[in-house]
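Notes for the structure review
Read off the chains here:
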Amino acid sequence: MEENKVIVLPAEIIKNEQVAKNTWQMTLYPRFDFDVTNTSPGQFVCLEPLASDSVMARPFSISMISTSKSTFKIIYRVVGKNTLLMSKLKNGQTIKLWGPLGNSEIIDSRLYDEVWLIGGGIGIAPLLFFEKVISEYQEHIARVFYGVKDVLEMIPLKVYTPEEVQIATEDGLINFHGLITDLFAQKIISKPAKLLVITCGPNRMMQKVSEICQQYNTECLAILEQVMACGIGVCLGCSIKTTKGMKRVCHDGPIFKAEEVIWNELG
Amino acid sequence: MSSVDLSVEIAGIKMQNPIMPASGCFGNAEEFAQLEGMNLKKLGTLVSKGTTLKPQEGSKQPRIWETPSGMINCIGLENPGVEVMISEKIPFMAQFGVPVIINVSGSKYSDYGEMAKRLDRVKGVSALEINISCPNIDGGRIPFGCDPKIAANVVSAVRGETNLPLIIKLTPNVTDIVSIAQAIEAVGANVISMINTLKGVFIYKGKIIQGGLSGPAIKPVALNLISQVAQAVKIPIIGMGGISMLQDIFDFFSVGASAVAIGTANFKDPLIMMKLINELESYCQTHQLGNLDALKQKIKLKGGR
């Protein structure tokens, strides 16, 4: 596979299971020459919409890859007719997709004492891929922060880091009662010297994480989401204003330096 | 199997087949060039994103919204400006050996004239597509393309600066599209492309957002307007508006289009243009139609009511 090539192909569904309230995980086996080892955390694929009256591509973060099985996973919330149809797909069926999409800067976790991954709701999906990659090196330390509205929406996370997952629930039924940003604000007080924060979730949450990071002089990357029509950088539907000019979330992102994002222009 | 000649020549633009991308749904070809299975050398032409004299940031978010069988966009002509097009984008687009059409937009007559002047004789440019759906800032922000006289003035301004074939992209958001088509034909337009998006709005977080509706939802409107214009002018028409399958192409041909552009359908299937070119070729082979004239003869309308 040539570098930066985008592959369009039918992928076989290996597994499609509900993992939490309104939340599903799909394992896909892309046939032919889609090389899962050529994907990096933060990247995504577009799925062809399943509803016949839909016209726009559906982007989903890659949440995990298996190099031995040549498969990858996506985690999705059922929010409309297309994701509802996706949840009804059975093992062995195929779905058309294209990817890998998005920027693929490899984060060198050796440069940091620790990498903290702050996920809100379904935003946890791409962070799981980050976590696995970082934890492959024993001396690298990843900590996962995971916030959900209610406990039923909480995906049981399988992580590779020995560090305990920090969980916040807004309904307060388990663990920290409140917003994940409040828990993060408490923990960052005793942060290591060289810390990298990577966040993905609702814009308001990521903005708050970014503000806290700036307060503590900590590097922060945000994985953004916008409605997309093509996912490949041609429609400009997902263009956002940044301090470095207009950027396409699908092509120049979805990973951005949080300080470069102009949060109140995200729509 | 016998070979099929799908070529068509429109105002001197020699196309190997009648299928091209619609401006705005194709970037400037760079991203599609990265797509495995996409052979840009096989397209009828390449068409650029809407270009303005100066770089433009475009609209704020939200910019797109899905609707039943369609979508509304208000991208706001985000583009790097004509100079970057000339120095970087056009040389890239010109390498595929198919005609390159540059789509230009302005907010004053002089913008159009100035862009035509700069694009004239730029190596690799085969034609200009003039988007006259943009608001005229010297004319109460009413789009140029909504008035026959004003539309003709834009074409005259461009015609005065270049001998390149001029494709005028008409907006459907008018009372009498025929009068506009006739007015631009009279002042030297070579081709008409139609239709641009239909004006529409969507509601986002309690705010009304204006944009243009595209996709299969607008195909019947496009067919209606093309059939009216085709009967009233002699210059050829590039048809567009919701084409996503071979039958759509036949329908556009049957109402008078000479070629077709694929827009929104590229988003749902980024290889759709390749698929349609292959399907068109194999349809002609199967039905022993040696060229597009033979095809058009076969799908000729048998009247109507």
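Residues numbered from 1 in each chain as written. Chains lettered and ligands numbered in written order. Predicted model: local features only at pLDDT ≥ 70, side-chain atom pairs only at ≥ 80, totals over all residues. Heavy atoms only, no water.

1. Section: the domain arrangement of chain A
In many reports, interface size means the accessible area that the parts give up when they come together. Residue and element names in this part refer to chain A. Note the following rule: Here the limits of each domain have been adopted from an automatic or database domain assignment. Two residues qualify as a contact provided that any one of their heavy atoms is within 4.5 Å of a heavy atom in the partner residue. Buried area, as used here, totals the accessible surface that two parts lose on assembly, with accessibility defined by a 1.4 Å probe and the loss added over both. The term salt bridge refers to a side-chain nitrogen of Lys or Arg lying within 4 Å of a carboxyl oxygen of Asp or Glu. Pairs of N or O atoms are called polar contacts if they sit within 3.5 Å, as long as, within protein, a hydrogen donor faces a hydrogen acceptor (for residues adjacent in sequence, only side-chain-to-side-chain pairs). For helices the rule is a DSSP run of H or I covering at least 4 residues; for strands it is a run of E covering at least 2, with both sets numbered from the N terminus onward. Polar here means any residue other than Ala, Val, Leu, Ile, Met, Phe, Trp, Tyr, Cys and Pro, which are nonpolar, and Asp, Glu, Lys and Arg, which are charged; Gly is therefore polar.
With domains assigned, chain A is organised as domain 1 (7–101) and domain 2 (109–223). For domain 1 versus domain 2, the separation of C-alpha centres amounts to 24 Å. With 16 residues of domain 1 at the contact, the number on the domain 2 side is 15 residues. Between domain 1 and domain 2 lies a buried interface of about 1400 Å² when both sides are counted; carbon and sulfur atoms form 74% of it. For domain 1, the biggest contributors to the area lost against domain 2 are Lys 21, Pro 41 and Met 64; these three give 37% of the whole. The interface formed by domain 1 and domain 2 includes two salt bridges. In this structure, the salt-bridge partner of Arg 77 is Glu 153, at a minimum N-O distance of 3.7 Å. Summed over the shared surface of domain 1 and domain 2, the number is three residue pairs in polar contact (both at pLDDT 80 or more). Every element with two or more residues in the side of domain 1 that touches domain 2 is listed here: strand S1 (7–20), strand S5 (64–66) and strand S6 (71–77). Tallying contributions element by element places S6 first for the side of domain 1 that touches domain 2, with three residues. Within the side of domain 1 that touches domain 2, the residues separate by chemical class into eight nonpolar, six polar and two charged.

2. Concerning the sheet that holds strand S3 (residues 19–21) of chain B
Residues and elements named next belong to chain B. Here is the rule we go by: Whether two strands pair depends on DSSP finding at least two bridges between them. Geometry is summarised by axes, namely lines fitted to C-alpha atoms with helices restricted to the contacting stretch, and by angles between N-to-C directions that run from 0 to 180 degrees.
With respect to topology, eight strands assemble into an open sheet ordered S3-S14-S13-S10-S9-S8-S7-S4, the strand pairing being parallel. Two strands in the sheet have a free side with no partner beyond their single neighbour: S3 and strand S4 (46–47). Bridge analysis of strand S10 (residues 191–194) against strand S13 (residues 237–239) gives three bridges, and the strand direction is parallel. Residue Ile 192 lies in a different strand from S13, and its bridge partner there is Ile 237. Docked against the sheet, helix H1 (residues 82–93) engages S4 and strand S7 (100–105), running at close to 145° with respect to S7.

3. What to know about the packing of H1 of chain B against helix H2 (residues 109–119) of chain B
All names here are of chain B. Defined as follows: Relative orientations are named as follows: roughly parallel for angles under 35 degrees, roughly antiparallel for angles over 145 degrees, roughly perpendicular for angles from 65 to 115 degrees, and oblique for any other angle. Crossing handedness is defined as follows: a turn of the near helix away from the far one that is anticlockwise and smaller than a right angle gives a left-handed crossing, while the clockwise case is right-handed.
Taken N-terminus to C-terminus, the directions of H1 and H2 make an angle of 30°; their axes are 10 Å apart at the nearest point. Between H1 and H2, the crossing angle belongs to the class labelled roughly parallel. Helix-helix and strand crossings are classified by hand; for H1 and H2 the assignment is right-handed. Contacts between H1 and H2 involve Val 82, Glu 83, Ile 86 and Ile 90 from the first element and Met 115, Arg 118 and Leu 119 from the second. Its residues placed into classes, the contact of H1 with H2 shows five nonpolar, no polar and two charged.

4. Some details on the confidence of the model for chain B
The condition is simple: For every residue, the predictor states its confidence as a pLDDT score lying anywhere from 0 to 100.
On average, residues of chain B score 96 in pLDDT, and 99% of them are at 70 or above. For this predicted complex, the interface confidence score (ipTM) comes to 0.94, while the overall pTM stands at 0.95.

5. So, the sheet that holds strand S4 (residues 58–61) of chain A
Note: strands within a sheet are paired through backbone hydrogen bonds, in either parallel or antiparallel orientation. Residues and elements named next belong to chain A. Read across the open sheet, the seven strands follow the order S4-S3-S7-S1-S2-S6-S5; overall the sheet is antiparallel. Of all the strands in the sheet, the pair left with one neighbour each is S4 and S5. Averaged over neighbouring strand pairs, the angle between their axes works out to 35° when direction is ignored. Direction of pairing for strand S3 (residues 44–47) relative to strand S7 (residues 94–101): antiparallel, over a ladder of three bridges. When the bridges of S7 are listed, Cys 46 appears paired with Trp 98. Its contacts with the sheet place helix H2 (residues 124–135) against S4, S5 and S6, and it is angled at close to 50° to S5.

6. Structural notes on H2 of chain B
Filter applied, for reference: Here's how the labels work: a residue is buried when its accessible area is under 20% of the maximum for its type, exposed when over 50%, partly exposed in between, all with a 1.4 Å probe on protein chains only.
Of the positions making up H2 of chain B, those classed as buried are Asp 111, Tyr 112, Gly 113, Met 115, Ala 116 and Leu 119 of chain B. Next to the buried residues of H2 of chain B lie H1, S7, strand S8 (127–131) and helix H3 (148–159) of chain B.

7. Quick notes on the packing of aromatic side chains
Worth spelling out the cut-off: What counts as a ring pair is set by centres within 6.5 Å for rings of Phe, Tyr and Trp (its six-membered ring), and what kind of pair is set by the plane angle: stacked under 30 degrees, edge-to-face over 60, tilted for all other angles. Only Lys NZ and Arg CZ are tested; either one counts as a charge over a ring when it is within 6 Å of the ring centre and within 35 degrees of the ring normal.
Enumeration according to the criterion identifies twelve aromatic pairs over all chains in this entry. A ring pair is formed by Phe 92 of chain B and Phe 96 of chain B, whose centres lie 5.5 Å apart and whose planes are at 75°; its orientation type is edge-to-face. Each residue in the set Trp 116, Phe 145 and Phe 184 of chain A is aromatic and connected to the rest through ring pairs, giving one cluster. For Lys 296 of chain B, the ring lying beneath its charged end belongs to Phe 253 of chain B, and the centroid distance is 4.9 Å.

8. Some points on the interface of chain B and chain A
Contact with chain B, which involves 34 residues of that partner, is made by 41 residues of chain A. Together chain B and chain A conceal approximately 3000 Å² of surface at their shared face, both sides included; 57% is due to carbon and sulfur atoms. Contact with chain A buries surface across chain B, with Gln 61, Glu 66 and Lys 268 of chain B losing the most and accounting together for 24% of the total. For the pair chain B and chain A, the interface holds four salt bridges. Among the salt bridges present, the one from Glu 31 of chain B reaches Arg 248 of chain A, with a minimum N-O distance of 2.8 Å. On the surface where chain B and chain A come into contact, there are 18 residue pairs in polar contact (both at pLDDT 80 or more).

9. Concerning the side chain of Thr 67 of chain B
Here Thr 67 of chain B shows up in strand S5 (residues 64–67). Residue Thr 67 of chain B is classed as buried on the basis of its relative accessible area, which comes to 15%. A distance of 3.4 Å separates a polar side-chain atom of Thr 67 of chain B from the backbone nitrogen of Met 71 of chain B. Setting aside anything within four residues of it in sequence, one finds Thr 67 of chain B in contact with Asp 53 of chain A together with Ile 72 and Leu 213 of chain B.

10. Quick look at the pattern of salt bridges
One side chain can pair with another of opposite charge once the charged atoms of both are near each other. Tallying each qualifying case throughout the model produces 21 salt bridges over all chains. Asp 248 of chain B is the salt-bridge partner of Lys 219 of chain B, the closest N and O atoms lying 2.8 Å from each other. Taken as a pair, Lys 219 of chain B in helix H5 (residues 219–232) and Asp 248 of chain B in helix H6 (residues 246–254) lie far apart in primary sequence, 29 residues in all. For Lys 219 of chain B, a relative accessible area of 15% corresponds to the buried category. What makes Asp 248 of chain B buried here is its relative accessible area of 5%. Via salt bridges that share partners, Glu 114, Arg 143 and Glu 163 of chain A belong to a single interconnected network.

11. Describing a nonpolar patch on the surface
Residues and elements named next belong to chain B. What counts, and what does not: Exposure above 30% relative accessible area and the absence of a salt bridge qualify a residue for a patch, where like charges join within 9 Å and nonpolar side chains (Val, Leu, Ile, Met, Phe, Trp, Tyr) within 5 Å. The method behind every accessible area is Shrake-Rupley, applied with a 1.4 Å probe, and residues are considered shielded solely by the protein chains displayed.
A surface patch of nonpolar side chains, amounting to about 300 Å² of accessible area, comprises Val 201, Ile 203 and Ile 208. Along the chain, Ile 208 falls in strand S12 (residues 207–214). Take Ile 208: its relative accessible area is 60%, and that puts it in the exposed class.

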